[in-house]
Amino acid sequence: MTRMTLSPDRNTPIPPIADPDDARWIAVKRRDASADGHFYYAVRTTGVYCRPSCAARLPRRENVSFYATRAEAEQAGFRPCKRCRPGDAAQASRHAAAIARACRLIETAEEPPALAELADAAGLSRYHFHRIFKQIAGVTPKAYASAHRAKRVRSELGQSDTVTRAIFDAGFNSSGRFYEGSTKILGMTPGAYRDGGAGAEIRFAVAECSLGAVLVAATGKGVVAIEFGADPERLVHGLQDRFPKAGLTGGDAAFERMVAEVIGAVEAPRQGLDLPIDVRGTAFQQRVWQALRQIPPGSTASYAEIARRIGNPAAVRAVAQACAVNPAAVVIPCHRVVRSNGDLGGYRWGIERKRELLRREGAV
């Protein structure tokens, strides 16, 4: 099975590399925080050793050596870097706690707090806070606040008597400000979302492939669902249940070409599938799904690797849950995520379909 390493600071996966030191050097060049604790690098010209994520000036490769532990580096005569403090394990915990406090502040505030306010609450400079927040949360503070407010709006639209009340209950002090970005937040107008997709146009088709029936549905912005099943009618009923008042129509010629692309990716998944998506999820789920789209065909990543990729290494179970509710098979390739021991784990559309997709990609 081909395995790969993912970098949280770039969108491009690192391909398999034969020499471990070459892979470590790539992590150092990318200042890959997910590699912290896995190894340390030392610089002969300065006599210090650092974490892979150290922000110090990049040394020349010929002056660098690698060590599995701090003890090995110190036995070789190197001293800890005063900038990244590789011996200060508590620093990572302090940063995680500070960002957690900032997230709670964002979630409980009526208006999104200013960056300076969040940085002060975390006890960090604005620049340092912004960098650490993105490193740990996987998104900027502004993006986190936007995603949280979108979640609140969706919740309130399902409970409030009127759209206006839902907007204000979600923390917007002006309905005009909300309506400016409502389509981006909800994928449709607030009234349509509240009414089960009333007024929204969703094209769909059910086709047959070697893995059974497959439903493909999309708005004008992108794919909202790709689902496998044994019963085409059940797949359509599931789409109707999600969008009970949306306009569901058969696809035109352009849509049929999209369906053909999906079928092609199922039959020959090594070719990949790069379609626009219009899926709804929490900020965490969106980060997971974005990370999944970076796994190239023929490769796999573990749930733990994805958790590290999005800057939350303790969230392995939450990553698995995000995979389990993925609404768009193949285009968000959750079939490429396996357990750390190589076992396939679960798959929303059946473990046999997952095994077959991986087999066709050459990953098992």
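All values derive from a computational prediction rather than experimental measurement.

This part is about the overall build of the chain. When helices and strands are counted, the chain shows 16 helices and ten strands. For the chain, the residues scored as buried account for 47% of the 364 residues in total. Taking the intrachain contacts of the chain between residues at least 6 apart in sequence as the baseline, contacts between residues at least 24 apart amount to 58%. Entry remark: accessible area of the chain is about 17700 Å², with carbon and sulfur atoms responsible for 49%.

The angle between the axes and the distance between the axes are what describe a pair of packed helices. Remark: helix 13 (residues 283-292) packs on helix 15 (residues 316-324), axes separated minimally by 9 Å, with the N-to-C direction vectors making an angle of 80 degrees. Classed by the angle they form, the pair helix 13 and helix 15 counts as roughly perpendicular. Residues F284, Q285, V288, W289 and L292 of helix 13 form the contact with helix 15, whose own contacting residues are A318, V319, A322 and C323. Broken down by class, the residue content of the contact of helix 13 with helix 15 amounts to eight nonpolar, one polar and no charged.

Glancing now at the sheet that holds strand 7 (residues 223-229). Strand order in the open sheet made by the four strands is 7-6-5-8, with mixed pairing throughout. Unpaired on one side and paired on the other, strand 7 and strand 8 (247-250) mark the two borders of the sheet. In this sheet, neighbouring strand axes are inclined to one another by 25 degrees on average, regardless of whether the strands run parallel or antiparallel. The pairing of strand 5 (residues 201-209) with strand 6 (residues 212-218) spans seven bridges and is classified as antiparallel. Across the sheet, the residue bridging to F204 is A217, located in strand 6. The sheet strands contacting helix 11 (residues 232-242) are strand 5, strand 6, strand 7 and strand 8, and the helix crosses strand 6 at an angle near 25 degrees.

Another point: the side chain of T219. Inspection of the secondary structure puts T219 in the loop between strand 6 and strand 7. In this structure the side chain of T219 is engaged in a polar contact, spanning 2.7 Å, whose partner is the side chain of D278. In this view, T219 contacts E201, I202, R203, V224 and D278; residues no more than four positions away in its chain are not counted.

Let us look at helix 15. Considered for burial, the residues of helix 15 that qualify are V319, A322 and C323. All buried residues of helix 15 project into a common sector of 100 degrees when viewed along the axis, lining one side. Helix 15 presents R317 and Q321 as exposed residues on the side facing more than 90 degrees away from its buried surface. Residues of helix 15 that are buried in the fold lie against helix 13, helix 14 (303-309) and strand 10 (337-338).

What follows deals with the sheet that holds strand 4 (residues 79-80). Here we have four strands laid out as an open sheet, ordered 3-1-2-4, and mixed in their pairing. Each end of this open sheet is capped by a strand with a single partner; those strands are strand 3 (64-67) and strand 4. Here strand 1 (residues 40-43) pairs with strand 2 (residues 48-50) via three bridges, running antiparallel. Its bridge partner being in strand 2, V43 is matched across the sheet by V48. Docked against the sheet, helix 1 (residues 20-29) engages strand 1 and strand 3, running at close to 105 degrees with respect to strand 3.

Here we come to the environment of A217. Residue placement: A217 occurs in strand 6. Sequence spacing of A217 and G250 is 33 residues, and the spatial spacing of their C-alpha atoms is 9.4 Å. If near-sequence neighbours (up to four positions away) are discounted, A217 is found in contact with I202, R203, F204, V223, V224, A225, L239 and F255.

As a further point, take the environment of V214. Here V214 is to be found in strand 6. Through-space distance from the C-alpha of V214 to that of I263 is 8.3 Å; in sequence the pair is 49 residues apart. Contacts of V214, omitting those with residues within four sequence positions, involve A205, V206, A207, C209, I226, E227, F228, L235, V262 and I263.

Below, the discussion takes up the packing of aromatic side chains. Considering all chains together, one arrives at seven aromatic pairs under this definition. Ring centres of F129 and F133 lie 5.6 Å apart, and the angle between their planes is 55 degrees; on these two criteria the pair is classed as tilted. Highlighted residues: F129 and F133, both in helix 5 (residues 126-137), separated by four residues, approximately one helical turn. Look at F129 and you get buried, because its relative accessible area is 0%. With centroids separated by 5.4 Å and ring planes inclined at 70 degrees, the aromatic side chains of Y347 and W349 adopt a geometry described as edge-to-face. The buried category is assigned to Y347, whose relative accessible area is 11%. Among the residues examined, W349 registers a relative accessible area of 6% and is labelled buried.

Definitions and cut-offs
Residues numbered from 1 in each chain as written. Predicted model: local features only at pLDDT ≥ 70, side-chain atom pairs only at ≥ 80, totals over all residues. Heavy atoms only, no water. Helix = DSSP H or I, 4+ residues; strand = E, 2+ residues; numbered from the N terminus. Buried < 20%, exposed > 50% of the residue type's maximum accessible area, 1.4 Å probe, protein only. Contact = heavy atoms within 4.5 Å. Areas by Shrake-Rupley, 256 points an atom, 1.4 Å probe, with all protein chains shown as cover. Axes fitted to C-alpha atoms, helices over the stretch in contact; angles between N-to-C directions. Parallel < 35°, antiparallel > 145°, perpendicular 65-115°, else oblique. Nonpolar A, V, L, I, M, F, W, Y, C, P; charged D, E, K, R; others polar. Pairing = 2+ DSSP bridges. Polar contact = N/O pair within 3.5 Å; in protein donor to acceptor, adjacent residues only side chain to side chain. Arc of directions from axis to C-beta. Phe/Tyr/Trp six-rings, centres within 6.5 Å; stacked < 30°, edge-to-face > 60°.

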